[in-house]
Amino acid sequence: IYKVFDKASMGSRSSERLQIEADLRKGLERDELEVYYQPFFSLDQQHIVGAEALVRWHHPTNGLTSPVTFIPIAEETGLILPLGRYVLDKACWQARSIRDQLGVDLPISVNLSPRQFSESGLLSQVAAALDTTGLPAELLILEITESVVMEDLSGAREVMSKLDRLGVRLAIDDFGTGHSSLAYLKQFPVREVKVDRTFVQGVADSPVDLAIVRAIIDLANAMGISAVAEGVETKDQAAALKLLGCPVGQGFYFSQPLPAQEFSELLTGHLAAHPP
Ligand code: C2E
Ligand code: MG
Ligand code: MG
């Protein structure tokens, strides 16, 4: 369904990048971006326990465009700042409206890029989003990657502590793919780790992947950190993860990322079948 631009040619053809940048700038003004939501499921009862906000771009000529294509360009050009603000606000409104209309407190996860994380206005931006939407801080989860933490340990510690004091929760995305210094999990206010899709893919049939996933889940459980397996695509993977004691899964096996309206409908049906 997506037009993903050819990555190899993208790097060499800077005019294409410039074009995407110009288009994205216009796209932001013309409201061409949309936030999709992909639910998280508890692996024991298969209840919806949260959702991740994932941005999409309705490009006027290329159609529905994957963030893999434009997030790196947005990051380089600084367009990630207005884009990130847009996603954060939308996601907070969505969580607030779920709370009002469906009467459930569903945490919403929002991805933060390295540049957003190191931007000085981040804290006030997050505080403002919570304030204007009236969303309780504990219903917002911010996902960052290991590289963001490892690049500047003391800077990251300071920002993370401030966000933690605000009451929002921090998750480490794509866990296991970066520098993976396990020590930082102890030193930083991390509430959640997302086991990278590349390990989850092999969890049901590769002994090495199984061992890696088990190690991450055991570590998280021992530290009181919530583990979320991303990219769960099969029943066997979900079953293996459940056996390993992983509490939560996310992936195409459970649901694709959905537009807000479809996500609300899914959640409504789900709540009718499994009252909270
Ligand atoms: P991510 O945060 O690790 O998000 C998970 C990605 O895996 C999403 O891709 C999701 O659609 C995809 N996915 C979910 N389940 C499965 C599955 O079972 N199998 C497979 N193969 N893939 C699955 P998506 O939406 O294309 O986003 C890609 C990346 O773009 C995200 O990775 C995130 O790093 C970034 N991104 C997306 N939205 C935002 C945003 O609003 N802000 C920032 N800074 N980055 C974003
Ligand atoms: Mg993520
Ligand atoms: Mg991820």
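See the structure printed just above.
Conventions adopted
Residues numbered from 1 in each chain as written. Chains lettered and ligands numbered in written order. Predicted model: local features only at pLDDT ≥ 70, side-chain atom pairs only at ≥ 80, totals over all residues. Heavy atoms only, no water. Buried < 20%, exposed > 50% of the residue type's maximum accessible area, 1.4 Å probe, protein only. Helix = DSSP H or I, 4+ residues; strand = E, 2+ residues; numbered from the N terminus. Pairing = 2+ DSSP bridges. Near = heavy atom within 4 Å. Polar contact = N/O pair within 3.5 Å; in protein donor to acceptor, adjacent residues only side chain to side chain. Areas by Shrake-Rupley, 256 points an atom, 1.4 Å probe, with all protein chains shown as cover. Contact = heavy atoms within 4.5 Å. Donors = N, O, S within 2.8 Å, 3.2 Å for Na, K, Ca; no water. Core = buried A, V, L, I, M, F, W, Y, C linked by side-chain atoms within 4.5 Å.

Draft legend 1. Looking closely at the pairing of strand 6 (residues 169–175). Among the 7 residues of strand 6, 5 are classified as buried, and the element is accordingly described as predominantly covered. Direction of pairing for strand 5 (residues 140–145) relative to strand 6: parallel, over a ladder of 5 bridges. Paired with Ile 141 across the strands is Arg 169, a residue of strand 6. Examined bridge by bridge, strand 6 and strand 7 (residues 192–195) share 3 bridges and lie parallel to one another. Residue pairing in the sheet places Ala 171 in a bridge with Glu 192 of strand 7.

Draft legend 2. Quick peek at the site of ligand 1. Surrounding ligand 1, one finds 25 residues, the nearest of these being Arg 56, Asn 111, Asp 173, Glu 233 and Phe 252. Take Ser 113: an N or O atom from its main chain is 3.5 Å from a nitrogen atom of ligand 1. Phe 252 is positioned with one of its backbone polar atoms (N or O) 2.8 Å from an oxygen atom of ligand 1. With the chains in place, 84% of the 800 Å² that ligand 1 exposes on its own is no longer accessible. Only strand 2 (48–59), helix 3 (67–77), helix 4 (80–102) and strand 6 provide two or more residues apiece to the shell around ligand 1. Counting residues per element, the shell around ligand 1 draws most heavily on strand 2, at 4 residues.

Draft legend 3. Just the environment of Ala 238, in detail. Structurally, the position occupied by Ala 238 is in helix 12 (residues 235–243). Judged by relative accessible area, which is 6%, Ala 238 ranks as buried. When the C-alpha positions of Ala 238 and Leu 43 are compared, they lie 7.0 Å apart, and in sequence the two are 195 residues distant. Apart from residues no more than four positions distant in its own chain, Ala 238 is found in contact with Leu 43, Val 232, Tyr 253 and Phe 254.

Draft legend 4. Broad picture of the coordination of the magnesium ion (ligand 2). The coordination sphere of the magnesium ion (ligand 2), as far as protein atoms go, consists of Glu 52 (OE), Asn 111 (OD1), Glu 143 (OE) and Asp 173 (OD), spread over 2.0 to 2.3 Å. If you look at the magnesium ion (ligand 2) and the magnesium ion (ligand 3), they sit 4.1 Å from each other and are both ligated by Asp 173. Here Glu 52, found in strand 2, pairs with Asn 111, found in strand 4 (residues 108–111); they are 59 residues apart in sequence, far enough to count as distant. Of the residues examined, Asn 111 reaches a relative accessible area of 28% and is grouped as partly exposed.

Draft legend 5. Structural view of the nonpolar core. Core analysis: the largest hydrophobic core is formed by 76 residues, its most contacted members being Leu 142, Val 193 and Leu 241. When residues in this core are grouped by element, the largest group, 8 residues, is from helix 4. In contact with Val 193, not counting residues within four places along its chain, are Ile 172, Phe 175, Leu 185, Ile 216, Ala 220, Ile 225, Ser 226, Ala 227 and Val 228.

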